[in-house]
Amino acid sequence: QSACSANQSASAATVILERSQILPFFPASLPDESLASRVSRFHIERGNTKTLETYRELFGSSPFAMSNLFMPRIEALAKRMPGDLNVNVEKLIHEGTLLPITRLFTTSTATWASADYVRRSVGESGATRICLECIKEDVAQFDTAYLHRSHQIPTVTACWRHGWRLLDNCPECGCPIESPKDLTRAPWQGCCCGYQFELAEVESSAYVASSIEKDIARFANLVLAHVPKRMLAENLPRVLRERALERGFRWGAEKVDR
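Bear in mind the structure is a predicted one, so any value in this text is a computation, not a measurement.

Some words on the overall build of the protein chain
Along the protein chain, the regular secondary structure elements total twelve helices and two strands. Walking the protein chain from its N terminus toward its C terminus, one meets helices and strands in the order α-α-α-α-α-α-α-α-α-α-α-α-β-β. Each of the 258 residues in the protein chain was classed as buried or not, and the buried ones make up 43%. Contacts spanning at least 24 positions in sequence make up 61% of the contacts within the protein chain whose residues lie at least 6 apart. Accessible area for the protein chain stands at about 14400 Å²; split by element, carbon and sulfur atoms hold 53% of it.

Some remarks on the packing of aromatic side chains
On inspection of all chains with the given rule, the structure shows seven aromatic pairs. For the pair Phe-26 and Phe-42, a centre-to-centre distance of 6.0 Å together with 40° between the ring planes defines the contact as tilted. One end of the pair, Phe-26, is in the loop between α1 (2-20) and α2 (35-46); the other, Phe-42, is in helix α2, with 16 residues separating them in the sequence. Taken individually, Phe-26 and Phe-42 each receive the classification buried, so the pair is uniform in this respect. Considering the side-chain rings of Phe-59 and Phe-64, the 5.1 Å spacing of their centres and the 70° angle between planes classify their relative orientation as edge-to-face.

Analysis parameters
Residues numbered from 1 in each chain as written. Predicted model: local features only at pLDDT ≥ 70, side-chain atom pairs only at ≥ 80, totals over all residues. Heavy atoms only, no water. Helix = DSSP H or I, 4+ residues; strand = E, 2+ residues; numbered from the N terminus. Buried < 20%, exposed > 50% of the residue type's maximum accessible area, 1.4 Å probe, protein only. Contact = heavy atoms within 4.5 Å. Areas by Shrake-Rupley, 256 points an atom, 1.4 Å probe, with all protein chains shown as cover. Phe/Tyr/Trp six-rings, centres within 6.5 Å; stacked < 30°, edge-to-face > 60°.

Here is the structure:
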């Protein structure tokens, strides 16, 4: 009986400890918001004075660079959220990173193997990009600025909605928007020079993108918004063939009219 009581007490203590580790809140994802943006919003809304506090609270680690392809220590964050760990990880990946679109370039079925492959072959821009017009609209509609996932796709240099060229530094002093190995806070709190992004006036002559840049941005956003979960490169030939036949590009019974 003593052993049984001890085991029950240990189990109860474990449950209490696990529940205490659940985050008090974590911002829900806004339309096209990156996971790195949600982490930054958590830091601001939580009222933490130092980013180290936020990193330890969310990831149990010291500060590291926020990746747009995938998020380091994403499992640690998923463990601190209610629900199943694997479901949480996949949801965070699919809704907030660029891994879903980059999976189209690899046949690997392993999440992190896919990320490593794409990181080597595709790479990242090494900068966080914003659209000044999106920031103003987001503040008006959602009462907060945030980082758009579609703006961080490699090769995308324009906003698919407004057609303005994306910025990766402060227009006033040239300081990078992204902070190395730290949270990106400039879109919310302004640049160190005092420049406030949400108050900026967009000048068409300075920020207008070319038609090619706009086309690439619209196409990339369309793919990112509609890519199915766990979509891999090995599935593309079948999907393209089925869609071609549906669109009427048929030769004979079941062949594609090339």
